[in-house]
Amino acid sequence: MVVATLLWGATFVVIRDSVRVIPPLALVAGRFAIAALGFLVVLAVRRRRIDRDAWIGGLTAAPFALAGQSLQAIGLGSTTAGSSAFLTAAGTLAVGFVAWPLLGQRPDRRLVLGIAIALVGTALLSWRPGGGFGRGELVTLIGALVWCGAILAIAARAGRADPLALTAVQVVAMALLALPFGARGLGVFVTLPAATWARVGYLALVGSGVAPLLQVVAQRGLSAGRIGLLFALEPVFALLFAVSVGAERFHPVWWLGAALIWCAVVLVEALPSPGSVPAASR
């Protein structure tokens, strides 16, 4: 899951630069269409039947994941990569509390404390002098809260489903759902320069292929709350990419925010709590 957040952390800068030339919904549709083709090829080579849990988990998670990705891309059109990463993490941290009534996964005191520390850390990571909370930030936060639905849907089936099949069903369904909304802007892909195609390739193959598969594999042994906490590492990695590759201005207080997030993860993950395995995998 840490590797998945590292790979996703890079996507904030990549999406921010890509939406300057590609309409957000077209970018989402294009990246998932490419990823879907890749998964279909892999499934054809494997010649394995997709089990019932993979169908249910993938199809249930797809609308939530697509809405979350689309709102994130739209929000990045008018906010910074750092702020987007913070708001995304802040939203997914809430999944630990939503999973309690829906999946019966009650967060223990250590997880609650870790979530609280991580939330403070992500707030410090997003701090900008004179920064405000505008339309882009609101859209991003709503997208993160919607993304929680995808985490919960996967948590309910990951323990019994083939990870590759579940991820493939989710990505193909996301592509089919996204195409009607982004089809009008797909013509821009014909004239994209090589640098932009490289960004799209990363978003498709890594951000929409490898990272989601790693998340599903991780959710076979981690509760939804712990997955939500580990998502808080995403803005830490996004910060590193934003201040290096993305050329966003660096502020010293961000180090404190990053340190708090690392402390929160170590606090919870150093000694895993009993009963942390999702109910679906028992």
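Residues numbered from 1 in each chain as written. Predicted model: local features only at pLDDT ≥ 70, side-chain atom pairs only at ≥ 80, totals over all residues. Heavy atoms only, no water.

Peer 1: With reference to specific residues and values, describe the pattern of salt bridges.
Peer 2: Under the definition given, this model contains six salt bridges. Two residues, D17 and R20, come together in a salt bridge whose shortest N-O distance is 3.3 Å. Accessibility expressed as a relative area gives 16% for D17, which makes it buried. Of the charged contacts, one joins R157 and D53 as a salt bridge, the two residues approaching to 2.6 Å between their closest N and O atoms. On the criterion of sequence distance, the pair formed by R157 in helix α7 (residues 135–157) and D53 in helix α3 (residues 52–75) is long-range, its members being 104 residues apart. Here D53 falls in the buried class, since its relative accessible area comes to 13%. Through salt bridges that share partners, R16, D17 and R20 make up one connected network. (Salt bridge = Lys/Arg side-chain N within 4 Å of Asp/Glu carboxyl O. Buried < 20%, exposed > 50% of the residue type's maximum accessible area, 1.4 Å probe, protein only. Helix = DSSP H or I, 4+ residues; strand = E, 2+ residues; numbered from the N terminus.)

Peer 1: Please give an account of helix α12 (residues 253–269) that cites residues and values.
Peer 2: Between its first and last C-alpha, α12 extends 25 Å over 17 residues, near the 24 Å set by a 1.5 Å rise per residue. Three or more residues of α12 are buried, namely W254, G257, A258, I261, A264, V265 and V268. Down the axis of α12, the buried side of the element spans an arc of 120°, and every buried residue falls inside it. Within α12, the exposed residues directed more than 90 degrees away from the buried face are W255 and V266. Each element contacted by the buried residues of α12 is listed here: α6 (109–125), α10 (224–230) and α11 (233–243). (Expected span 1.5 Å × (residues − 1). Arc of directions from axis to C-beta. Contact = heavy atoms within 4.5 Å.)

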